[in-house]
Amino acid sequence: MKKAFQFRIYPNKNQEVKLNRTLSTCRHLYNDSLGERKRQSELNELERTFGVSPWGKPEWINYYDQANNMSGSKTDFQKEVFSQVLQNVLKRVDRSFKNFYNGFGYPRFQGRNRYNSFTYPQKGFELDEKLNLSKIGNIRIIQHREIEGKIKTCTIKKDIDQWYVTFSCEIENPIPAEIKTKTGIDVGLIDLITLSNGEQIKPPKFLRESEDKLTHEQKRLSRKKKGSGKRNRQRIIVAKVHRKIRNQRKDFAHKTSRNLVDTYDSIKFEDLQIKNMVQNHCLAKSISDAGWYQLMNFTEYKAEYAGKFVEFVNPAGTSQECICGYPVLKDLSVRIHRCPSCGLVMPRDQVSANIIENRPSISTVGTTGINAHQGLLNRGSMQWEAPTLQGE
Ligand SMILES: [Zn+2]
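Residues numbered from 1 in each chain as written. Predicted model: local features only at pLDDT ≥ 70, side-chain atom pairs only at ≥ 80, totals over all residues. Heavy atoms only, no water.

(A) Summary view of the packing of aromatic side chains. Evaluation of the coordinates by the stated rule reveals 13 aromatic pairs. With a centroid separation of 5.7 Å and an interplanar angle of 35°, the aromatic rings of phenylalanine 82 and tyrosine 120 are classed as tilted. With a gap of 38 residues between them, phenylalanine 82 in the loop between helix 3 (76–79) and helix 4 (83–101) and tyrosine 120 in strand 2 (residues 117–120) connect regions that are remote in the sequence. Like tyrosine 120, phenylalanine 82 is buried. What links up through ring pairs into an aromatic cluster is the set Phe7, Phe82, Phe118, Tyr120, Phe125 and Phe167. For the cation-ring pair, arginine 140 lies above tyrosine 10, with the distance from its terminal atom to the ring centre recorded as 4.7 Å. (Phe/Tyr/Trp six-rings, centres within 6.5 Å; stacked < 30°, edge-to-face > 60°. Helix = DSSP H or I, 4+ residues; strand = E, 2+ residues; numbered from the N terminus. Buried < 20%, exposed > 50% of the residue type's maximum accessible area, 1.4 Å probe, protein only. Lys NZ or Arg CZ within 6 Å of the ring centre and 35° of its normal.)

(B) A look at the coordination of the zinc ion. Protein coordination at the zinc ion: the donors are Cys322 (SG), Cys324 (SG), Cys339 (SG) and Cys342 (SG), at 2.2 to 2.3 Å from the metal. Metal-centred angles of 106 to 113° between the 4 donor atoms at the zinc ion mark the site as tetrahedral. Judged by relative accessible area, which is 1%, cysteine 322 ranks as buried. (Donors = N, O, S within 2.8 Å, 3.2 Å for Na, K, Ca; no water. Tetrahedral: all angles 85-135°; square planar, octahedral: opposite > 155°, others 65-115°.)

(C) Main features of the pattern of salt bridges. Throughout the structure, instances matching the rule amount to 17 salt bridges. Across the pair arginine 37 and aspartate 94 runs a salt bridge whose closest N-O atoms are separated by 2.8 Å. Linking arginine 37 in helix 1 (residues 13–50) with aspartate 94 in helix 4, this pair joins segments that are 57 residues apart in sequence. A salt bridge links glutamate 211 to arginine 208; the shortest N-O distance between them is 3.2 Å. Pair noted here: glutamate 211 and arginine 208 are both in helix 5 (residues 205–223), with a separation of 3 residues, about one helical turn. What makes glutamate 211 buried here is its relative accessible area of 18%. With a relative accessible area of 44%, arginine 208 lands in the partly exposed category. (Salt bridge = Lys/Arg side-chain N within 4 Å of Asp/Glu carboxyl O.)

(D) Seen up close, the sheet that holds strand 3 (residues 125–127). Strands sit in the order 2-6-7-1-5-4-3 across an open sheet of 7 strands; the sheet is antiparallel. Of all strands in the sheet, those bounded by a partner on one side alone are strand 2 and strand 3. Direction aside, the axes of adjacent strands within the sheet are offset by 30° on average. By the bridge criterion, 9 bridges tie strand 6 (residues 150–159) to strand 7 (residues 162–170) in an arrangement that is antiparallel. For lysine 150, the partnering residue across the bridge sits in strand 7 and is glutamate 170. (Pairing = 2+ DSSP bridges. Axes fitted to C-alpha atoms, helices over the stretch in contact; angles between N-to-C directions.)

(E) Just unusual backbone geometry, in detail. Positive phi outside glycine occurs at lysine 135, with the angle close to 70°. In this fold, lysine 135 is placed in the loop between strand 4 (131–133) and strand 5 (137–142). Taking the relative accessible area as the measure of exposure, lysine 135 reaches 46% and is therefore partly exposed. Positioned with a positive phi, isoleucine 160 is a non-glycine residue whose angle comes to about 55°. Mapping isoleucine 160 onto the fold places it in the loop between strand 6 and strand 7.

(F) Structural context of the pairing of strand 6. When strand 2 meets strand 6, the two strands line up antiparallel, connected through 4 bridges. Residue pairing for strand 6: serine 117 is matched across the bridge by lysine 157. Between strand 6 and strand 7, which pair antiparallel in sequence order, lie 2 residues; one of them, isoleucine 160, sits at a positive phi of approximately 55°.

(G) Quick look at helix 9 (residues 348–358). For helix 9, the tally of buried residues reaches 10 of 11 residues, placing the bulk of the element in the interior. All of the buried residues along helix 9 are Arg348, Asp349, Gln350, Val351, Ser352, Ala353, Asn354, Ile355, Ile356 and Glu357.

(H) Focus on the environment of glutamate 146. With respect to the helices, strands and loops of the structure, glutamate 146 is situated in the loop between strand 5 and strand 6. The spacing of glutamate 146 and phenylalanine 5 is 141 residues in sequence and 8.9 Å in space, taken between C-alpha atoms.

(I) Spatial organisation of the packing of helix 1 against helix 2 (residues 63–72). At a minimum axis distance of 12 Å, the contact between helix 1 and helix 2 shows a crossing angle of 130°. Taken together, the axes of helix 1 and helix 2 lie oblique to each other. In this structure, helix 1 meets helix 2 at a crossing whose hand is right-handed. Taken together, the residues of helix 2 that come into contact with helix 1 (itself represented by Leu29, Ser33, Glu36 and Arg37) are Tyr63, Gln66, Asn69 and Met70. Its residues placed into classes, the contact of helix 1 with helix 2 shows 3 nonpolar, 3 polar and 2 charged. (Parallel < 35°, antiparallel > 145°, perpendicular 65-115°, else oblique. Left-handed = near helix turned anticlockwise from the far one by under 90°. Contact = heavy atoms within 4.5 Å. Nonpolar A, V, L, I, M, F, W, Y, C, P; charged D, E, K, R; others polar.)

Here's what the structure looks like:
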């Protein structure tokens, strides 16, 4: 199975120029190739609609056509970039079309602030004291943990003014654990999760503080004049607060998931995707959901590496029945559950967590459609992360 290791790298001035140029060349290639495929598919659509084929049978451009084309006619900029890195860009275009055919959004052109990574898919990089990148140089790297397995790919990513490398490694499959400890987890409307033993986990206070700071800086941004230098500087301030929050959330999710996987052999969550289909959505909710998806995602893959189990259950009515099965209807204001049938008195979230623990799971690794979990999908497209710069 695959496992990713990320480290920060510290390019010097000259290397940073080359990294930025590589990113820019890759982005232009991405947009040009995307444009070419879009045009071609629109032409073919026209032909199909009107039933005429003035250019002969419709031809679809694929990855191989574009790769062949490129190797024959590289621009001067492209010659400065390791050729497999360029091929990987075309692969990304190809994947975005395949994702589209599988029900995701139509492929989008990538702006300067959005396209923030490039990949050495096989070779062209070497790691010893420093990170050696073909066509770029020996970059200082701080390796804070041991890499496991065999390195397969190397992705360089820019985050505003910082650079990172991610190695995707092939590691051995673990031996599945014997299930001795289990838990169910109730994800609250407020920023809180409850385990079936009654334990509660809350995000740290400094996260809330950073979120307040973000609101403040965003307000300042909205007051700056469009296109002004001040606005641009404020935009970067906002992006940096975003990054801080992202890192704090990530850190919290890593610690929490590590604890869960170390403590339990089997962990069950509600399927949030299904839950959201039946609930109306508000902004605060979707922000907290994003955090929960991340936590579930991290828990899922850490469990996978440890040979443990994470499952998802149908969320319907988990707060409206008792552990004994008797229906106990209660609205959100009722925090304590009292069962008239078996006499159980317990905090409501803990009852839900117990029901989740005991429900049969609906999604297993490898299924598709509604059961395919966010986490599973995300892992397939590791290079694609949220844009680093917001605003404008
Ligand atoms: Zn009961």
